Amino acid sequence: MNTVQQVKAKYKLIALDLDGTLLTDEKCITEETKKWLQYAVDQGVKVMFSTGRGLQTAQGFWDELGLDSPMVLLNGAEIWEGPGKLKKRIFLPRDTVRQMHAVAAERAEWYWGYSVESLTGDKDWTPEMFERDWMKFGIGSHDQQKLAEIKEELLRWGALEVTRSAPTNMEISVRGTTKESGVREVCQMLGFSMSDVIAMGDSDNDARLLKAAGLGVAMANGEEHIKSIADVITATNNEDGVAQAIRKYVFQME
């Protein structure tokens, strides 16, 4: 890479999933990927996260990359204009959280939730948790049939968005809250259109965003249906797939 060379970027905004995409299986960002992300920033391209993680587990990567761009967290339930600048939070109704908790406690193998205060798993859940405001609730099981039945029940309630970041879980937020809705809001803030966005991901919760973006990039390690709907497929998360996609599709370097 010639860092002196000025290359016009084809896209104005890079929206990145974290787990299975930007992060390796060891949950780190490679030096090659950091180099290309910095190159993109230097060329005036906005780099942002579009992740199911909350601030509690995404903040460190935001800081590590030194990004000052907006972020879409919790599958769109939390949007940040920049570091320390909260734009929006979308909370699940408290009675709905109680209902989901009852379903999970009775039928799932594990569950968790993201509130403003914490990321809380089932082992640390106490009655006091019902007095908090939750943006995302998660349910997990190794039994696919059980997960399918729980998902079907939750969707019947008519007020929830249900997706997943792995075959063994489901992630639940207010209906209409997705990575796509979050990135659309960021585009409005920045004066961009969705055609200005290159989005990268590997799981079901990336599907709508990949289809709506100017270019949807699936990781080679991604789920098969994600690869089938994406515009292009890059290398795996362990093979600098994000860096390769930036080089090839944002700056059109072979």
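We now turn to the structure provided with this report. Note that the coordinates shown come from a computational prediction; the quantities given were computed from them, not determined experimentally.

Scoring rules and cut-offs
Residues numbered from 1 in each chain as written. Predicted model: local features only at pLDDT ≥ 70, side-chain atom pairs only at ≥ 80, totals over all residues. Heavy atoms only, no water. Helix = DSSP H or I, 4+ residues; strand = E, 2+ residues; numbered from the N terminus. Rg over C-alpha atoms; globule rule 2.2 N^0.38 Å. Buried < 20%, exposed > 50% of the residue type's maximum accessible area, 1.4 Å probe, protein only. Contact = heavy atoms within 4.5 Å. Core = buried A, V, L, I, M, F, W, Y, C linked by side-chain atoms within 4.5 Å. Pairing = 2+ DSSP bridges. Axes fitted to C-alpha atoms, helices over the stretch in contact; angles between N-to-C directions. Right-handed = clockwise from strand over helix to strand, strands pointing away. Parallel < 35°, antiparallel > 145°, perpendicular 65-115°, else oblique. Left-handed = near helix turned anticlockwise from the far one by under 90°. Polar contact = N/O pair within 3.5 Å; in protein donor to acceptor, adjacent residues only side chain to side chain.

Attention shifts here to the overall build of the protein chain. In terms of helices and strands, the protein chain carries 8 helices and 13 strands. Whereas a compact globule of 254 residues would reach a radius of gyration of roughly 18 Å, the protein chain reaches 18 Å, a difference of no more than 12%. The dimensions of the protein chain, computed from C-alpha atoms along their principal axes, are 60 × 35 × 30 Å. Per-residue burial for the protein chain yields a buried fraction of 54% across its 254 residues. In the protein chain, the share of contacts with a sequence separation of at least 24, taken over all contacts with a separation of at least 6, comes to 56%.

Looking now at unusual backbone geometry. Outside of glycine, negative phi angles account for most residues, and trans bonds account for most peptide bonds. For Asn75, which is not glycine, the phi torsion reads 55° and is therefore positive. Within the element layout of this structure, Asn75 appears in the loop between strand S3 (71-73) and strand S4 (78-82). Classification of Asn75 as buried rests on a relative accessible area of 4%. If you check the backbone angles, Asp240 has positive phi at about 60° while not being a glycine. Within the element layout of this structure, Asp240 appears in the loop between strand S13 (232-234) and helix H8 (241-250).

A few words on the environment of Ala166. The residue Ala166 is located in the loop between strand S9 (160-163) and strand S10 (169-174) in this model. For Ala166 and Glu153, which are 13 residues apart along the polypeptide, the C-alpha to C-alpha distance reads 19 Å.

In globular proteins that are soluble, nonpolar side chains generally tend to be buried together. Counting 61 residues, the largest nonpolar core has Ile14, Val183, Ile246 and Phe251 as its most contacted members. Among the elements that line this core, the one with the most residues is H8, at 6 residues. With residues near it in sequence (within four places) discarded, Ile14 still touches Ala40, Val45, Lys46, Val47, Met48, Ile198, Met200, Ile246 and Val250. Tyr111, Trp134, Phe137 and Met170 belong to the second largest nonpolar core, which has 20 residues in total.

Attention shifts here to the sheet that holds strand S8 (residues 134-140). Read from one edge to the other, the open sheet built from 5 strands follows the order S7-S6-S8-S10-S9, with strand pairing classed as antiparallel. With one partner strand each, in any of the chains shown, strand S7 (119-121) and S9 form the two edges of the open sheet. Within the sheet, the average angular offset between the axes of one strand and its neighbour, ignoring direction, is 20°. Relative to S10, S9 runs antiparallel, the two sharing 4 bridges. Across the sheet, Val162 pairs through a bridge with Ile172, a residue of S10. Lying over the sheet, helix H3 (residues 94-107) contacts strand S6 (110-115), S8, S9 and S10, oriented at roughly 15° with respect to S8.

This part takes up the pairing of strand S12 (residues 215-219). Here S12 lies mainly inside the structure; 5 of its 5 residues are buried. Here strand S11 (residues 197-201) pairs with S12 via 4 bridges, running parallel. Paired with Gly201 across the bridge in S12 is Ala218. A crossover connection joins S11 to the parallel S12 through helix H6 (residues 207-212); in handedness this β-α-β unit is right-handed. In the sheet, S12 pairs with S13 via 3 bridges, with the strands oriented parallel. Residue Met219 lies in a different strand from S13, and its bridge partner there is Thr234. A crossover connection joins S12 to the parallel S13 through helix H7 (residues 224-229); in handedness this β-α-β unit is right-handed.

In this section: the packing of H3 against helix H4 (residues 144-156). Pairs of packed helices are described in terms of their axes, by the angle between the two and the distance that separates them. At their nearest, the axes of H3 and H4 sit 12 Å apart, and the two run at 165° to each other. Considered as vectors, H3 and H4 are oriented roughly antiparallel to each other. Crossing of H3 against H4: the hand is right-handed. Contacts from Met100, Val103 and Arg107 of H3 reach H4 at Lys146, Glu149, Ile150, Glu153 and Leu154.

To continue, consider the side chain of Thr177. One can find Thr177 in the loop between S10 and helix H5 (179-190). Within the local environment of Thr177, its side chain forms a polar contact with the backbone oxygen of Val174, the two atoms lying 2.9 Å apart. Setting aside residues up to four positions removed in sequence, Thr177 forms contacts with Asn75, Gly76, Ala77, Ile90 and Glu161.

A word on the sheet that holds S3. Spatially, the 3 strands line up as an open sheet ordered S3-S4-S5, and their pairing is antiparallel. Two strands lie at the open edges of the sheet, namely S3 and strand S5 (85-89), each paired on one side alone. The sheet shows a mean angle of 20° between the axes of neighbouring strands, taken without regard to direction. Examined bridge by bridge, S3 and S4 share 3 bridges and lie antiparallel to one another. Considered in S4, the bridge of Met71 is made with Trp80. Here helix H2 (residues 55-65) sits on the sheet and contacts S3 and S4; the angle it forms with S4, its principal contact strand, is near 30°.

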